[in-house]
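A structural walkthrough
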Amino acid sequence: MSLEHTGSQGTGARDQVTPPQWSQSAPALPEGTKEPRCLRPADVEMCQSVLPCHANHRGELGAGQLLKWIDTTACLAAEKHAGVPCVTASMDDIQFEETVRVGQIINVKAKVNRAFNSSMEVGIRVSVQDVQTGILKQVCVAYSTFVVKPVGSQKVSLEPVEIPSTAEEQLEHSLASERRRLRLCNEEGFNNLMHDSHLLRDAANRKDSTLKSTESTKVESIELVLPPHANHHGNTFGGQIMAWMENAATVAASRLCGYPTLKSVDMFKFRGPSNVGDRLVFKAVVNNTFQKSLEVGVRVEAYNCEEWNQGRPRHINSAFLIYNISSDQEQTQTFPDVKYSTKDGERRYLAAIVRKRIRLARKHILSHKEEESLSVPWDKNNQVYLGYKNVAALTVLAGKQEWEISSLQPKIRIFTNEEEEMLSVKVEMEVMAPVSQTFSVLSDLQLRPTWDRHYASCEEVETAGDDEKVYHIKCPSVNSDRGRDFVVLMSRRQPCKEGEPYIIALRSVTVAAVPPLADHTRSEALCAGFLINSTGCSSCKVSYFNQVTSGVLPYIAGNLAGWSKSLEETASSCIEFLENSIKSTRF
């Protein structure tokens with residue numbers, strides 16, 4: 001089967017897919033049909049030789065061209081399962097991990113992970129192979145949602161996908177429902193975070209006249225949909241629209257950086273079809289910059305001849321594309337700060353901050369990489385070494401520079417930091433209590449269940465003087481899972497000289513006396529704790545840090561994605577507890 005049958009543009013390359021073998025699948029059944037069968041996961045594979053016509057001026061595969069191939073292959077996999085025409089509804093965040101160059105071979109594999117009622121999730125894996133060395137590298141992983149396009153008015157119901165046999169396929173099958181939940185909750189989380197974003201408005205509204213306005217990056221481009229741009233359903237090929245969107249976004253990004261590199265795409269969402277003869281208008285603008293990255297928003301409007309004359313557009317697609325500094329400049333250059341100059345610019349500026357926070361949550365919530373053991377064996381003989389490493393790790397974490405604010409409330413500020421694959425959270429609290437007494441209360445972890453709802457209980461297991469103690473912490477269940485428990489070493493240090501912070505450092509250790517529990521999931525903490533700085537004779541600033549692991553993530557995921565305010569609520573409870581404790585003990 002050649003790509004001419006999918007309606008993509010001819011490129012001169014020969015596009016190959018695995019023989020469809022349509023007999024493995026059956027058409028989607030009319031709604032109400034009894035005894036639905038489970039079908040084997042439908043998969044399709046495409047191989048492409050990257051030619052100069054696919055590349056940009058630097059000899060790198062254009063992201064728009066890659067998006068075409070991804071959408072084509074995913075559509076074929078969806079239709080192989082459904083047996084009826086399917087259209088792209090959305091494509092989740094795509095993270096581009098590897099640069100593809102002319103002369104290399106692209107391999108796109110698509111498989112239906114799970115079918116719901118009238119929609120299905122297709123997982124796509126893209127790899128690149130060097131012809132001379134034969135080395136294979138992963139370019140990106142993507143998840144696309146397709147819906148059936150029934151003939152006539154009759155509704156159809158998709159047959160479920162047979163649960164696969166391999167562990168990896170089973171994991172993708174089970175996570176598909178979780179990803180669907182995230183998609184459905186995405187709008188709610190975004191609205192919740194946008195509702196609170198007004199607290200960031202004053203901090204974001206830079207008046208510096210030297211800053212470049214986001215309005216100066218606006219780009220508007222128009223395309224006429226011709227027959228070669230249509231797919232096999234007669235509608236504009238979704239991959240072609242995505243390619244045009246990427247082109248407009250790249251032009252907008254280049255107005256702040258000569259040669260930006262597309263790093264990721266924040267969910268293409270198709271709102272309606274367009275057809276041959278339509279005029280598509282692409283509007284792109286930089287919404288915000290984040291040191292090493294920037295976000296470009298692209299809106300696509302469609303007009304037929306009548307709508308064109310009357311100025312009545314149809315909004316058919318929106319997406320947000322994330323660009324990084326190109327690899328040859330990333331060590332020496334950052335994106336300039338920008339400012340907004342209109343009400344709409346303010347909305348886009350703040351929304352970009354919110355979307356980055358949700359992207360961060362989605363990335364880490366859906367990551368299922370197995371972590372190596374983080375715990376170290378505890379023994380009083382290595383107390384000095386472990387205590388030093390514990391305090392040093394927290395000090396290094398606190399010293400990181402690229403913290404980005406995600407929530408600002410009276411007396412509470414929350415920051416995130418993502419470095420490589422590690423996510424860290426910082427919570428700053430203003431407390432009306434003397435620093436030494438605050439240090440004393442916080443370093444007694446057995447008091448923490450009083451103010452932290454994420455602690456069901458906390459028991460002291462071993463002690464090695466006043467400065468090192470081992471605790472067993474039990475945490476309540478999240479999302480109907482079993483509760484989790486941690487065994488942690490707490491190392492606390494008073495300042496050596498004025499101006500230095502009080503330190504309370506935590507990390508997981510292994511203790512023979514506390515084996516894993518049958519009714520809890522043993523989890524690990526890599527680096528967490530408090531730094532407490534004096535701000536006056538009766539006030540201090542408490543900074544809580546946590547280098548998020550898979551065991552910790554369930555307790556902050558809702559907060560990051562905008563479904564809850566657990567961090568803010570816990571911080572408020574901590575402040576209240578500290579201030580009341582100081583009053584009650586009359587320190």
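Criteria and cut-off values
- Residues numbered from 1 in each chain as written.
- Predicted model: local features only at pLDDT ≥ 70, side-chain atom pairs only at ≥ 80, totals over all residues.
- Heavy atoms only, no water.
- Axes fitted to C-alpha atoms, helices over the stretch in contact; angles between N-to-C directions.
- Helix = DSSP H or I, 4+ residues; strand = E, 2+ residues; numbered from the N terminus.
- Parallel < 35°, antiparallel > 145°, perpendicular 65-115°, else oblique.
- Left-handed = near helix turned anticlockwise from the far one by under 90°.
- Contact = heavy atoms within 4.5 Å.
- Nonpolar A, V, L, I, M, F, W, Y, C, P; charged D, E, K, R; others polar.
- Buried < 20%, exposed > 50% of the residue type's maximum accessible area, 1.4 Å probe, protein only.
- Polar contact = N/O pair within 3.5 Å; in protein donor to acceptor, adjacent residues only side chain to side chain.
- pLDDT = per-residue confidence, 0-100.
- Core = buried A, V, L, I, M, F, W, Y, C linked by side-chain atoms within 4.5 Å.
- Salt bridge = Lys/Arg side-chain N within 4 Å of Asp/Glu carboxyl O.
- Phe/Tyr/Trp six-rings, centres within 6.5 Å; stacked < 30°, edge-to-face > 60°.
- Lys NZ or Arg CZ within 6 Å of the ring centre and 35° of its normal.
- Pairing = 2+ DSSP bridges.

1. Some details on the packing of helix α1 (residues 63–82) against helix α4 (residues 238–254)
- Direction vectors running N to C along α1 and α4 enclose 160°, while the axes themselves pass 8 Å from each other. It follows that α1 is roughly antiparallel to α4 by the angle criterion. When the axes of α1 and α4 are compared, the crossing they make is right-handed. Where α1 approaches α4, its residues Ala-63, Gly-64, Leu-67, Lys-68 and Asp-71 are matched on the opposing element by Gly-238, Gly-239, Gln-240, Met-242, Ala-243 and Glu-246.
- In the contact of α1 with α4, the residues fall into 4 nonpolar, 4 polar and 3 charged.

2. Considerations on the environment of Ser-564
- Examined against the element boundaries, Ser-564 turns out to sit in the loop between α10 (557–561) and α11 (566–585).
- On the basis of relative accessible area, Ser-564 is assigned to the partly exposed category, the value being 29%.
- For the pair Ser-564 and Asn-192, spaced 372 residues apart in the sequence, the C-alpha separation amounts to 8.7 Å.
- Not counting residues within four places of it along the chain, the set of residues in contact with Ser-564 comprises Gly-558 and Asn-559.
- Within the structure, the side chain of Ser-564 is placed 3.4 Å from the backbone nitrogen of Asn-559, a separation counted as a polar contact.

3. Considering the confidence of the model for the protein chain
- Looking at the protein chain, the pLDDT average stands at 84 and 87% of residues meet or exceed 70.
- A low-confidence stretch, residues 1–26 stays under pLDDT 50, and its non-local contacts, those more than four residues away or across chains, total 68 contacts.

4. Overview of the nonpolar core
- Residues Ile-106, Met-120, Val-122 and Val-296 are the most contacted members of the largest nonpolar core, which totals 78 residues.
- Setting aside its immediate chain neighbours within four residues, Val-122 contacts Ala-74, Ala-77, Ala-78, Ala-110, Lys-111, Val-112, Asn-113, Ala-142, Tyr-143, Ser-144 and Phe-146.
- Counting residues in each nonpolar core, the second largest holds 51 residues, with Ile-414, Val-552, Ala-557 and Ile-582 among its members.

5. Some details on the pattern of salt bridges
- Per the counting criterion, the structure on display carries 29 salt bridges.
- Put simply, Arg-355 and Glu-295 hold a salt bridge, and the shortest N to O gap is 2.7 Å. Note that Arg-355 is positioned in helix α6 (residues 343–366) and Glu-295 in strand β14 (residues 293–303), a separation of 60 residues in sequence.
- Among the residues examined, Glu-295 registers a relative accessible area of 0% and is labelled buried.
- Between Arg-314 and Glu-307 there is a salt bridge whose closest N-O contact spans 3.0 Å.
- Residue Arg-314 is classed as partly exposed on the basis of its relative accessible area, which comes to 24%.
- Of the residues examined, Glu-307 reaches a relative accessible area of 11% and is grouped as buried.

6. Considering the packing of aromatic side chains
- Under the criterion given, the structure shown has 6 aromatic pairs.
- Judged by centre distance (5.9 Å) and plane angle (70°), the rings of Trp-244 and Phe-282 are edge-to-face. Of this pair, Trp-244 sits in helix α4 while Phe-282 sits in strand β13 (residues 279–290); the two residues are 38 residues apart in sequence, bridging distant segments of the chain.
- Take Trp-244: its relative accessible area is 11%, and that puts it in the buried class.
- Geometrically, the ring pair formed by Tyr-303 and Trp-308 is edge-to-face, given 5.1 Å between the ring centres and 90° between the ring planes.
- We classify Trp-308 as partly exposed; its relative accessible area is 39%.
- Sitting over the face of the ring of Phe-415, Lys-426 holds its NZ or CZ atom 4.7 Å from the ring centroid.

7. A closer look at the pairing of β13
- The element β13 is extensively covered by neighbouring structure, given that 10 of its 12 residues are classed as buried.
- Across 6 bridges, the pairing between strand β11 (residues 219–224) and β13 is antiparallel. Each bridged residue has a counterpart across the sheet, and for Ile-222 the counterpart in β13 is Val-281.
- Here 11 bridges tie β13 to β14, and the two strands are oriented antiparallel to one another. Bridged to Lys-283 within β14 is Arg-299.
- With antiparallel pairing between neighbouring strands as the criterion, β13 and β14 make up a hairpin whose turn holds 2 residues, including Gln-291 at a positive phi of roughly 60°.

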